[in-house]
Amino acid sequence: MKDCLFCRILRREIPAKFIYQDDEVSAFADMNPQAPTHCLVIPNLHLSTLNEIDDGNRALAGKLISVAVQIAKDKGLAEKGYRLVANCQAAAGQSVFHVHFHLMGGRSFDWPPG
Ligand code: AMP
Ligand code: ZN
């Protein structure tokens, strides 16, 4: 999508530190990290919010999670733990309207989040 920030990152119009990329899913470092490890796992296809996940793209949705888990393992987070979250819509804290999971680790987290 033309003006979407994350689509622009995927087109390399805006720099980012890529951690993973294949033909369906990409991951890059969050520019404002909230934990020692904080990366964003996104579909290469533009989907605005989680509300666009349905039976037609369930394989892609599953792949986002499996890629995130693999990155967590690669970064040595699996044993101690990590947080994988997605904010859906502004009231939940979504500020970039291209689906993304935050993968955060390397510190302890409170629950419930604010
Ligand atoms: P959310 O508020 O859940 O939509 O998360 C959006 C995330 O994108 C925030 O954690 C931002 O720090 C991050 N972000 C915004 N712009 C960029 C960028 N240019 N490169 C990397 N991360 C970004
Ligand atoms: Zn997009």
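Everything that follows concerns the structure shown earlier in this document.
From a predicted model like this one, the values you see are computed outputs, not experimental measurements. (Residues numbered from 1 in each chain as written. Chains lettered and ligands numbered in written order. Predicted model: local features only at pLDDT ≥ 70, side-chain atom pairs only at ≥ 80, totals over all residues. Heavy atoms only, no water.)

A.B. asks: Explain the sheet that holds strand β1 (residues 18-21) to me, please; I cannot follow it from the model alone.
C.D. replies: Pairing between the strands of a sheet comes from backbone hydrogen bonds, and it takes one of two forms, parallel or antiparallel. Read across the sheet, five strands follow the order β1-β2-β3-β5-β4 without closing on themselves; strand pairing throughout is antiparallel. Each edge of the open sheet is held by one strand with a lone partner, namely β1 and β4 (82-85). Across the sheet, the axes of successive neighbouring strands diverge by a mean angle of 15°, strand direction being ignored. The pairing of strand β3 (residues 37-43) with strand β5 (residues 101-105) spans five bridges and is antiparallel. Across the sheet, Thr-37 pairs through a bridge with Gly-105, a residue of β5. Its contacts with the sheet place helix α2 (residues 58-74) against β1, β2 (25-29), β3, β4 and β5, and it is angled at close to 155° to β3. (Pairing = 2+ DSSP bridges. Helix = DSSP H or I, 4+ residues; strand = E, 2+ residues; numbered from the N terminus. Axes fitted to C-alpha atoms, helices over the stretch in contact; angles between N-to-C directions. Contact = heavy atoms within 4.5 Å.)

A.B. asks: Sorry, what's going on with the site of ligand 1 here?
C.D. replies: Around ligand 1, the structure places 16 residues, and the nearest of them are Asp-30, Asn-87, Gly-93, Ser-95 and His-102. At 3.1 Å from a nitrogen atom of ligand 1 is found a main-chain nitrogen or oxygen belonging to Met-31. Note that an oxygen atom of ligand 1 is positioned 2.7 Å from one of the backbone N or O atoms of Ser-95. Relative to its unbound accessible surface of 510 Å², ligand 1 loses 86% to contact with the protein. A majority-of-atoms criterion places ligand 1 in the largest pocket. At the level of elements, α1 (5-10) and β2 are the ones that each hand at least two residues to the shell around ligand 1. (Near = heavy atom within 4 Å. Polar contact = N/O pair within 3.5 Å; in protein donor to acceptor, adjacent residues only side chain to side chain. Areas by Shrake-Rupley, 256 points an atom, 1.4 Å probe, with all protein chains shown as cover. 1 Å grid on protein atoms, 1.4 Å probe; cavity = no way out; pocket = protein on both sides within 12 Å on 5 of 7 lines; lining within 4 Å. Sits in = over half its atoms within 2 Å of the grid points.)

A.B. asks: Mind showing me how you'd approach the pairing of β5 here?
C.D. replies: Every other side chain in a regular strand lies on the same face of the sheet, so the side chains alternate between the two faces. Of all five residues making up β5, five are buried, and the element is well covered by its neighbours. Burial along β5 is two-sided: Phe-101, Leu-103 and Gly-105 facing one way and His-102 and Met-104 facing the other are all buried. With four bridges joining them, β4 and β5 adopt antiparallel strand pairing. In the strand pairing of β5, Leu-84 is matched with Leu-103. (Buried < 20%, exposed > 50% of the residue type's maximum accessible area, 1.4 Å probe, protein only.)

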